[in-house]
Structures are given as structure tokens and as C-alpha cells.
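Report on the structure
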Amino acid sequence: MLDTRYRVEIPGGINLDAQVVGPIPRFFAFAIDLAFRGVIVFVLSMASIPFGAFGLGGGFFLIFLFAIEWLYPVLFEVFWRGQTPGKKALGISVINDDLTPVTLGTSLVRNLLRTVDFLPLFYLAGLITMLSNRRFQRLGDLAAGTLVISVGESNRPAPQRDLVPLAPSTPLLRTEQSSIIDFLQRSQQLSEPRQRELASILEGITHEKDDNGVLQLQRLGAWFLGLR
Amino acid sequence: MKQHSFVQQHGPTWQRIEDSLAKPAQADNSKVLAEHYLLLCQHLAIAKERLYDAALVERLNNLVLALYRELYRYRSETRLNFYAFFKRDFPLAIYRHRYYVLLAFLVFVMPGLIAGAWTYFDEEAVYSILDAPEVRQVERMYDPDARKLGREREADTDIFMFGFYIKNNISVAFRCFAGGMLVGIGTLLVLFFNGLFIGSIAGHLTRLEYVDTFYPFVVGHGSFELTAIVFSGAAGLRLGFAIINPGQFSRLDSLRQAGRDVVPMLYGIVLMLVIAAFLEAFWSSSTSLSIEIKYAVGALLWVLVLLYSFSGRRYESR
């Protein structure tokens, strides 16, 4: 099964979940960074020409070029919470595989090994590696022990406020209650026929059919949530 | 307690913590941070245990994750201690990788010696390793009649060359390291061909009796540059060998461990190559210094670099 959940037990005695991020958002983040780097290089090259293309200006330009090629991702990841500008735009972040923040050492290793991920062309090796393990790690991530996770806001619809909560006629297990709560929370994401289909399974509890069944189920959900 | 009351009771606290996390500039009091972390861990555990709905659990989970990352941002082990690094960490990392250093040294130097001897005794040999235009360029660079060594240049072009050496040499070292991921083959190729080219150029120029221009030029920065290339090769070979022979670990864990172990080597390589680029641009290229001074300083640098590089043994715990 394709599950992007990555679970680590942390001090505090609980299992912390993170969502690992696949190649598509990472490609877009990389593309944004590439454009951003391109702009920086262009501005620097323009700015360095007055100081001598083969003198002072050129020398500093080459040093900056080196820094932008190799150190740009490292510095951003270490000093900007694991995010380059592109990653920030996509709401993703680099993190050590124990979910602690990425450090200078791990970030350096994962970014120097980009060279190998790029091989033979356009990150093909990195893509194949990413798709062949559960955590979407490219070669650099495997050697450094890092992951790319989602840190974006999750948008779940809030329950409708105008529901009149309904007490169940028969006692239900807590797992059953939470399923009904989930039905309420997600019902806006489901098509109406699908809602009716799901509600019809629980006809024995709601004693209603079709749209009324859906409504009864949502009212039960509101009751289990504790709305009064 | 029903979920709704739980959210009503603690919602404002969560909101406050979420807001404070969104402002990174605000230096969080570590005590407050730890309290928030413990509180939210408890809330998350309660929410999971009572099977509150997935959206709430996800919100609390993300909050704990953010607090956890914030809490572990300032670990003493991740702060780079320059003194400890120079004195202990870098030499110790070299010592621990001594067999990889030896192998990298041999793969780098042996082709160099053989190619050097070949081009020294055989006039045509250099052309089977390098292109004719490249050979002509190298010959021009070290022609004893040249006013300035290395390249003809003005005073502030030294800075240009500094930038040039930084970009080129460190990139070569990084690629040499990265090649280790290809089960070491990439690293071996980079070492082999760099050794081959350097050796054949040295042999060829010696044959042309450009001795007084070539060797005083390379002896100074060579101490840092050639040693750093060998170390980058050693770091790459460590990665490669970790994949080939993981020992008691899984291949993945072995690779990950190797990735952590070579980090001090990487820092050291960068520093050495920056020093090498500085020497190459501002010291080696000078024509106003006498050959004797250059040889003397070069020899001193070699002794210091080697003594330092192999001083790590005493820090190994036994």
C-alpha cells in the first residue's frame, strides 16, 4: 500500500507522524530554486563586470558561483528550518530521519551527493532511488539519513454548525463513534450519492433512508463530537 | 470528555503556541518551550487514546512535531567547535580512515608516477594522454621566459585566479567524494585520472627542463591541494565500501553511518582547499620570490600538513 506516513517514537512516549513528500513537489521546489539561483547569478554577473571581468569582480563572481552551486541548499537548510526558498513555497522541509532538525553535517552530505543523484541525466538516479524506497529518499538522503516531509497546513473542513445533535438509540463502541465523526468531518469531500451509499450501510442505526439517513448520521456525529 | 469540550478548553492554548511558532525571530524561552512540548505531548496522547477525530489528531501531531524540531534545534553536538575540530576531530577522522587514505593515495599517486616516468623518457607519450592544445598551453604557462608564472596576469587578476581555483578545485574534490556512492568507482576514476594528468604534465615539463618554473610553483600549494584530494578520495571510498561490505549492519544503516563519519573530513577538505587556492593565487604565482625561498616554504608546508594530518592517533580511544 502506498502510505506516506513516517512514524518515529520520540521522547515524551508518543509516536510522532510525519508525511514524507514524493518527487513531484520536490521537483517544483527544485525548479523554483533553480530560477531563483539563476536570477542571483545574473545579478551578480552584471554587478561584477564593472570591477573587472578577469580581475576583482570576476574573482568574487567565481567564488559566489561556487557558493551558489554547492552551498546554497546547505546554508538555507541549516539556517532556515530545513527549507530553501523553493521548499518553503511548496510547504516541504528537510529533516533528519529521527525528526530532529537537519544539521550542517547531514545537509552537507545530502547536497554534495546531488552530483550522483543527477546521473546520468536530470536526476534520473535520484528519481529511481526515490521511487524504490518507502520514504522517497534519494541517494543523498540515504547516505545522510534525511527525509523531506510536508510541513504545510492541512485544510480539513470544520463540521457544520447548524446540525442539531442526536443521541444514539443504541450504545456504540468508541471506534464506531469515531467512524461516524469521521463521516461527518469528511462528508463535504464526498459526493452526495457516495454519502447516501455510506449512510445506507448504517440504516440499522439511523432508521432512515437516503438523504435523511445522511442527515441522521451527521447529527449522530455531532453528538459524539460533544456538540450540545 | 467529549472532543468538543476538549477543543474548547485547550484550543486557545494551541492557537497561542501555533502563533508563537510562526514567528521564528522571537527567541523562545527554552523553559517555556519544554513546558509547551510536554503539554502538547500529553494532549496528543489523550486525543489518540480517546479516538478523537483524525483532523484534531493531525493538528496536535503537527504542533508536537514543530515543537520537537524547535526543541532540538540547539544541540551542543551540532554546534561546530572550531578549536576541537582543528585539534582533534579532523585528524581523528583521518586516522580512523587511514586505510582508505592509503588506498586513495595509491590510486592517485601510482598512475601519476608511471605516467610521469613514461612522459619523461618518451617525447611522444604526453600526447597519448593529453590533447596537443592542452600540452601547448601547459608549456606556455611554465615557460621560463614568462614574466608571471601560471598565467600572464596583472596584480588584481590574482583575485580572479583565487576564485577560479576555489570553484574548480573544490568542485573536483566534491565530485571525487560523491563518486563514492557509485560503489566507489566514481571516486577511483577521479583519483586515477587526476593522478594521471598531473603526473604526465610533471614528467613532460621535467623533460623540457622547465624545472625551475614548474616545481617552485606547485610545491607550496601542492601540500594542501594534493593531500585534500587524497582525503576526499578516502571519504568517497568509505561510502563505497560501506555499500559493498556493510558488515553486521544493513546496507542502508552502514551507508548512513559512513555518511555521518566522513563529515569532519568534508569540513577539513574544504578548509584545506581554500588555503591551497589562496597560496596558489597569491604565493605560488609570485616571480619576485627566489626559488630557494619557495622550496624552503614549500617543504615546511608539506612537513606541517603531513604532521598535522597524521596526528589523530593519540585521540583514538583504546
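Since the structure is predicted, the reported quantities are computational estimates derived from the model, not experimental observations.

1. Structural notes on the overall build of chain A
Regarding its fold elements, chain A presents 11 helices and 4 strands. Against the 2.2 N^0.38 benchmark of 17 Å for 228 residues, chain A shows a C-alpha radius of gyration of 26 Å, more extended than a compact globule. With respect to the principal axes defined by its C-alpha atoms, chain A has extents near 85 × 35 × 35 Å. Out of the 228 residues belonging to chain A, those deemed buried represent 38%. Considering only residue pairs separated by 6 or more positions, chain A has 61% of its internal contacts joining residues 24 or more positions apart.

2. Some details on the environment of Phe105 of chain B
Topologically, Phe105 of chain B is positioned in helix α5 (residues 98-121). Put simply, Phe105 of chain B and Leu226 of chain B are 121 residues apart on the chain and 9.4 Å apart in space, counted from C-alpha to C-alpha.

3. Digging into unusual backbone geometry
Residue and element names in this part refer to chain A. Here Leu119 and Pro120 are connected by a cis peptide whose omega angle stands at -15°. Positioned with a positive phi, Arg81 is a non-glycine residue whose angle comes to about 55°. If you trace the backbone, Arg81 turns up in the loop between α2 (56-79) and α3 (85-90). Residue class for Arg81 comes out buried when judged on the 20 C-beta atoms lying within 10 Å of it.

4. As for the confidence of the model for chain A
Here chain A averages 86 in pLDDT, and 96% of its residues register 70 or above. By mean pLDDT, helix α10 (residues 203-206) of chain A is the weakest element of chain A at 80, and strand β3 (residues 92-96) of chain A is the strongest at 93.

So, how was this worked out
Residues numbered from 1 in each chain as written. Chains lettered and ligands numbered in written order. Predicted model: local features only at pLDDT ≥ 70, side-chain atom pairs only at ≥ 80, totals over all residues. Helix = DSSP H or I, 4+ residues; strand = E, 2+ residues; numbered from the N terminus. Rg over C-alpha atoms; globule rule 2.2 N^0.38 Å. Buried ≥ 20, exposed ≤ 12 C-beta atoms within 10 Å, placed from the backbone. Contact = placed C-beta atoms within 7 Å. pLDDT = per-residue confidence, 0-100.

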